[in-house]
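Topology and contacts: notes
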Amino acid sequence: MDLRIFTEPQQGATYDTLLAVAKATEDLGFDAFFRSDHYLAMGSGDGLPGPTDAWITLAGLARETKRIRLGTLMTAGTFRLPGVLAIQVAQVDQMSGGRVELGLGAGWFEQEHTAYGIPFPKEKFARLEEQLAIVTGLWATGPGDTFDFHGTHYDLTDSPALPKPAQARIPVLIGGHGASRTPRLTAQFADEFNMPFASIEDSERQFGRVRAAAEAVGRKADDLTYSNALVVCVGKDDQEVARRAAVIGREVDELKENGLAGTPSEVVDKIGRYAGIGAERIYLQVLDLADLDHLELISAQVQTQLS
């Protein structure tokens, strides 16, 4: 079971804070550092000192880390033109020596678009399908060849399809709860399917849909990686769990129901139940980015048991 650290910087984090978390992620043996792609805080928080851009952040971390994978859950398709996104991600992949992964979603948070003057189209899923085709098509185009795409939303003619990533294929992640279109796009374009903030039962159901969709297009279902994203709140005892829950404004019982919360043994047991329905990777949503002791505890008493 791979454990990856997943952050939500729009809730309030500087680049230096993210760098500290990323370095701890690497030093403590976690597999990857991922971040969300949002420009506006959610809930009651003020988000100070303000948002950081996902791919600018990852470009910096690419030069300041050596081992961990780096990526997004999920880049918002509404934020970037697909040709520009392909260039950005390929460049960061080069900067990291081939450690980048791209999670790409349709975009959903209308308020952040309004706040920063970003168009928020009504039809986002059809755009996402074209974006996936363009980004992966540009990367797959051979040296010296050109790439063309003529869709409803995007039109590319005689693109040199440059630059190329360092990796032969940058892993693409698609996620979500959709019953039909999401599994279909995953089967067509993705290397990994991520089920965000879902129960074991709902995850098992969605994994089954994705597996069926993969087989329907002639792929082996096991060629895909299946993962979950879940909030994490671990303490060495009940008092520490309660303290960490209070800092992030959550109730312990709710966290235990909807995430990975409790003592290390409780969290290991629940992760094992996700593994039992096919999850191979867990993205641990860490909400208090100042609490590096939390990461140390997870590394020492959760990750070691899973490995």
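As a reminder, the structure under discussion sits directly above these lines.
Residues numbered from 1 in each chain as written. Predicted model: local features only at pLDDT ≥ 70, side-chain atom pairs only at ≥ 80, totals over all residues. Heavy atoms only, no water.

1. Examining the pairing of strand β10 (residues 225-234)
The criterion, for reference: Each residue is placed in one exposure class: buried if its accessible area under a 1.4 Å probe, protein chains only, is under 20% of its type's maximum, exposed if it is over 50%, and partly exposed if it falls in between. Think of it this way: any DSSP run of H or I at least four residues long counts as a helix, any run of E at least two long counts as a strand, and we number them from the N terminus. Two strands pair under a simple rule: DSSP has to find at least two bridges between them.
The buried fraction of β10 amounts to ten of the ten residues, a majority that puts the element mostly inside the structure. Here β10 shows two buried faces, one formed by Thr-225, Ser-227, Ala-229, Val-231 and Cys-233 and the other by Tyr-226, Asn-228, Leu-230, Val-232 and Val-234. Bridge count between strand β9 (residues 192-196) and β10: five bridges; the pairing is parallel. Note on β10: the bridge partner recorded for Phe-193 is Tyr-226.

2. Here's the deal with the pairing of strand β6 (residues 147-150)
A one-sided burial pattern is seen for β6, the buried positions being Phe-147 and Phe-149 and the unburied ones Asp-148 and His-150. Between the antiparallel neighbours β6 and strand β7 (residues 155-159) lie four residues.

3. Some details on the nonpolar core
As a reminder, the rule being used: Here, the term nonpolar core denotes a set of buried Ala, Val, Leu, Ile, Met, Phe, Trp, Tyr and Cys residues that are joined through side-chain atoms within 4.5 Å. Contacts are residue-level and defined by heavy atoms, with any inter-residue pair within 4.5 Å sufficient.
Phe-33, Trp-55, Leu-102, Trp-139 and Leu-284 are the most contacted members of the largest nonpolar core, which has 75 residues in total. In terms of residue count, the dominant contributor to this core is helix α5 (residues 125-140) (seven residues). Discounting residues that sit within four places of it in the chain, Leu-102 has contacts with Trp-55, Thr-72, Thr-75, Leu-85, Val-89, Val-135, Trp-139, Ile-170, Pro-171, Val-172 and Leu-173. Grouped together as the second largest cluster of nonpolar side chains are seven residues, Phe-6, Ala-32, Ala-229 and Tyr-283 included.

4. So, the environment of Gly-144
In this fold, Gly-144 is placed in the loop between α5 and β6. Look at Gly-144 and you get exposed, because its relative accessible area is 77%. Measuring from C-alpha to C-alpha, the distance between Gly-144 and Leu-162 comes to 9.7 Å, with 18 residues separating the pair along the chain.

5. Observations concerning the packing of helix α3 (residues 82-96) against α5
Definition in use: Note on geometry: axes are C-alpha line fits, over the in-contact stretch for helices, and angles between N-to-C directions span 0 to 180 degrees. Orientation labels follow simple angle bins: below 35 degrees gives roughly parallel, above 145 gives roughly antiparallel, 65 to 115 gives roughly perpendicular, and whatever is left gives oblique. Crossing handedness is read from the near helix: turned anticlockwise from the far helix by less than a right angle, it gives a left-handed crossing, and turned clockwise, a right-handed one. Basically, the charged four are Asp, Glu, Lys and Arg, the nonpolar ten are Ala, Val, Leu, Ile, Met, Phe, Trp, Tyr, Cys and Pro, and anything else, Gly included, counts as polar.
Their axes nearest at 9 Å, the elements α3 and α5 cross at an angle of 45 degrees. Regarding the angle of α3 to α5, the classification is oblique. When the axes of α3 and α5 are compared, the crossing they make is right-handed. Across the interface between the two elements, Pro-82, Gly-83, Leu-85, Ala-86, Val-89 and Ala-90 of α3 pack against Gln-131, Ile-134, Val-135, Leu-138 and Trp-139 of α5. A class-by-class count of the residues in the contact of α3 with α5 yields nine nonpolar, two polar and no charged.

6. What to know about the pattern of salt bridges
Let me state the cut-off plainly: A pairing counts as a salt bridge when a side-chain nitrogen of Lys or Arg comes within 4 Å of a carboxyl oxygen of Asp or Glu.
Enumeration according to the criterion identifies 17 salt bridges in this entry. Asp-202 is the salt-bridge partner of Arg-205, the closest N and O atoms lying 2.7 Å from each other. Of this pair, Arg-205 and Asp-202 are both found in helix α7 (residues 200-216), three residues apart, which corresponds to roughly one turn of the helix. One salt-bridge network, held together by shared partners, links Lys-236, Glu-240, Arg-243, Arg-244 and Asp-291.

7. Side note on helix α1 (residues 15-27)
Formally: In a helix, the anticipated span is given by 1.5 Å times the number of residues less one.
Taking 1.5 Å per residue, 13 residues should reach 18 Å; α1 reaches 18 Å between its end C-alpha atoms and fits that length. Residues of α1 that are buried include every one of Leu-18, Leu-19, Val-21, Ala-22, Ala-24, Thr-25 and Glu-26, and no others. After α1 finishes, the residue Gly-29 shows a positive phi value of roughly 90 degrees.

8. As for unusual backbone geometry
Peptide bonds are trans in most cases, and residues, glycine excluded, mostly fall at negative phi. Of the consecutive residues Leu-48 and Pro-49, the connecting peptide bond is found in the cis state with omega at 10 degrees. Positive phi, close to 55 degrees, is recorded for Ala-161, a residue that is not glycine. Residue placement: Ala-161 occurs in the loop between β7 and β8 (172-175). Here the phi dihedral of Phe-197 falls at roughly 50 degrees; this positive angle occurs in a residue that is not glycine. Secondary-structure assignment places Phe-197 in the loop between β9 and α7. A relative accessible area of 41% means that Phe-197 is categorised as partly exposed.

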